[in-house]
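One letter stands for each residue in the lines below.
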Amino acid sequence: MNTALQKDAEHTLIVALQQGDAAAYEKAVREYSSGMLAVARFYMDAASAEDIVQDCWVTVIDAIEKFESRSGLKTWLHRIVANRCKNKLRSNKREVNTDFSETLDPELANRFNASRRWQQPPRLRFDESADVLLENGALSDCLDKHLSALPENQRSALMLYEAHQHKSEDVCNILDVSASNLRVLLHRARQRIFLMVETFQESGEC
Amino acid sequence: MLMCKDLAEIASDYIDGELATSQNLAIRMHLMMCRHCRSFIGNLRVSTDLMQAHSSVAPDEALMRRIDQRIAEALAARKKD
C-alpha cells in the first residue's frame, strides 16, 4: 500500500536525513525502530537486539548519503540490521537454531486422530472481525503476552510479514530464510495465535 | 484424498493464495463437506487479521530516547569534523 503520497513523504524524509536534520531522525527512529527490533530479535536476545538497533542508527547517518532508493527505506534499514546481526553472530561463532521440520504446532497436531480427522475440532467459531475483537482490551493484552512468548524466529517473521507488511521475498532476504521456511514460520505463529484466541473466547482466560 | 490434518498443514498457504490450483480445488471440495475445517480456516483467517490489526509494534519510548541521544552525539561529532 505504498501510494505516491507515501513515496513523496519518504523521499522528503530521506533528503532530510541526508542533510543531518535531527528532527527527521527523531521521526524516522519512531517510525522504523520497532521493525528493526523485530529483525534483530530473530537473531539475538532482547538486550543485544536493542544494542544492535542503536548501533545501526549511528551507521545510518553516514550510510544514508549513499542511499539510492532501489528499495524502500524500511527494507533498506531492515537489511542493515540483518547484516549487522549476521556479522556479529559469525564473529561470536553462534549458530541460529531453527526447526522447520514440523508444519503443525504440537498442540494442534494432537487434536487429530490417526486417520487425520479432527478428534478435537475447533471449539467455537470466531464470529467477530479482528477489529471488533481488538476492542476487548483484555484480549489485546493477551495477544501481546502470547506474541512475546513466540519463538523469536516466528515472531520476527510475523512482525515483518503481517504487522510491517513486507513482501515475502523481502522477509526471506532480510531474515535469510528460504521461501518454504518462511511459510512454516508464519503458519506456526498463526496457529499459536489461533489457539490463544480460542482459549480466550471460550474461557476468558489468557 | 485430502484429510483434515492435511488441510491444517497448508491452511496458511491457502489463506495467502500461495497454493497451486489443484490444491486450492481440493481444499474447497473438502471445506464444502467439513464444517470443522470451515471453522478452522475461518478462525485462522481472523487470527491472521488480528496480527495485522494489532498495534503491538509500538516502540519503547525509553529506547527511542537513547537512540535520539546517540544520533545527536554522532551528528554533533560530524559537524565538528
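Every chain is numbered on its own, with residues counted from 1 as its sequence reads. As they are written, the chains are lettered A onward and the ligands numbered 1 onward, keeping that order. Restriction of local features to residues with pLDDT of at least 70 applies here, the model being predicted, together with a cutoff of 80 or more for giving and counting side-chain atom pairs; totals for whole chains, interfaces and linings are based on all residues. The basis for every side-chain value is the complete set of heavy atoms in the structure, and neither hydrogens nor water enter the calculation.

Peer 1: I keep staring at the overall build of chain B and nothing clicks. Help me out?
Peer 2: From N to C terminus, chain B includes 5 helices and 0 strands. Where helices and strands are cited, they refer to DSSP runs of H or I of at least four residues and of E of at least two residues respectively, numbered from the N terminus. The order of α-helices and β-strands along chain B, N terminus first, is α-α-α-α-α. Our radius of gyration looks at C-alpha atoms and nothing else; its globule reference is 2.2 Å times the residue count to the power 0.38. Against the globule reference of 12 Å for 81 residues, chain B gives a C-alpha radius of gyration of 24 Å, more extended than a compact globule. Its C-alpha atoms put chain B at 70 × 25 × 15 Å along the principal axes. Relative to all contacts within chain B whose residues are 6 or more apart in sequence, the contacts with residues 24 or more apart total 57%. When the accessible surface of chain B is summed, it comes to about 4400 Å², and 52% of that surface belongs to carbon and sulfur atoms. Computed over 11 positive and 11 negative side-chain charges, the separation of the two mean positions in chain B equals 3 Å. We call two residues in contact whenever any of their non-hydrogen atoms come within 4.5 Å of each other. In this description, accessible areas are obtained by the Shrake-Rupley approach with a 1.4 Å probe, and a residue is regarded as covered only by the protein chains that are shown. This count recognises Lys and Arg as positive and Asp and Glu as negative, with His and chain-terminal groups excluded. For charged residues, the charge sits on one atom: NZ in Lys, CZ in Arg, CG in Asp, CD in Glu.

Peer 1: Sorry, what's going on with helix α3 (residues 46–63) of chain A here?
Peer 2: Quick reminder: α-helices carry 3.6 residues per turn. Residues three or four places apart thus point the same way. End to end, α3(A) covers 25 Å across 18 residues, agreeing with the expected 26 Å (1.5 Å per residue, within 8%). Each residue is assigned to one of three classes by its accessible area relative to the maximum for its type, calculated with a 1.4 Å probe on protein chains only: buried under 20%, partly exposed between the two thresholds, exposed over 50%. Here α3(A) has its buried residues at A:A49, A:I52, A:V53, A:Q54, A:C56, A:W57, A:V60 and A:I61. On its buried face, α3(A) is in contact with α2 (22–43) and α4 (73–92) of chain A together with α5 (61–80) of chain B. The distance from a side-chain oxygen at the start of α3(A) to the backbone nitrogen of A:A47 is 3.2 Å, and the residue carrying that oxygen is A:D45. Take the residue count of a helix, subtract one, and multiply by 1.5 Å to get its expected span. The definition of a polar contact used here is a pair of N or O atoms within 3.5 Å, where within protein one atom must be able to donate a hydrogen and the other to accept one, and adjacent residues in sequence count solely through side-chain atom pairs.

Peer 1: How should I be thinking about the state of the cysteines in this particular structure?
Peer 2: Should the sulfur atoms of two cysteines be covalently bonded, the bond is a disulfide. Residue and element names in this part refer to chain A. In what follows, a disulfide is any cysteine sulfur pair within 2.5 Å. Tallying each qualifying case throughout the model produces 1 disulfide over all chains. Sulfur-sulfur distance for the disulfide between C142 and C206 comes to 2.2 Å. Classification of the bridge connecting C142 and C206 rests on its S-S torsion, roughly 95°, and on that basis the disulfide is right-handed. Highlighted residues: C142 in helix α7 (residues 137–149) and C206 in the segment after α10 (179–203), separated in sequence by 64 residues. The exposure class of C142 is buried, given its relative accessible area of 2%. Looking at C206, the relative accessible area reads 44%, which means it is partly exposed. In this structure C85 is not part of a disulfide, and its nearest cysteine sulfur, from C56, lies 6.8 Å away. C85 gets classed as buried once you look at its relative accessible area, which sits at 0%.

Peer 1: Can you walk me through the packing of aromatic side chains in this structure?
Peer 2: Between two aromatic rings, the relevant description is the distance of the centres plus the angle of the planes. Between rings of Phe, Tyr and Trp, where Trp is taken as its six-membered ring, a pair exists when centres lie within 6.5 Å; planes separated by under 30 degrees are stacked, by over 60 edge-to-face, and by other angles tilted. For the coordinates displayed, the defined rule picks out 5 aromatic pairs over all chains. Taken together, a centroid distance of 6.0 Å and an interplanar angle of 40° make the contact between A:F126 and A:F194 tilted. Separated by 68 residues along the polypeptide, A:F126 in the loop between α5 (106–109) and α6 (130–134) and A:F194 in helix α10 bring together distant segments of the chain. Under the relative-accessibility criterion, A:F126 is labelled buried at 7%. Chaining the aromatic ring pairs together yields one cluster made of A:F112, A:W118, A:F126, A:F194 and B:F40.

Peer 1: Looking at this structure, I do not really get the environment of A:K167. What am I missing?
Peer 2: Residue placement: A:K167 occurs in the loop between α8 (152–163) and α9 (168–175). In this structure the C-alpha to C-alpha distance between A:K167 and A:F194, which are 27 residues apart in sequence, comes to 23 Å.

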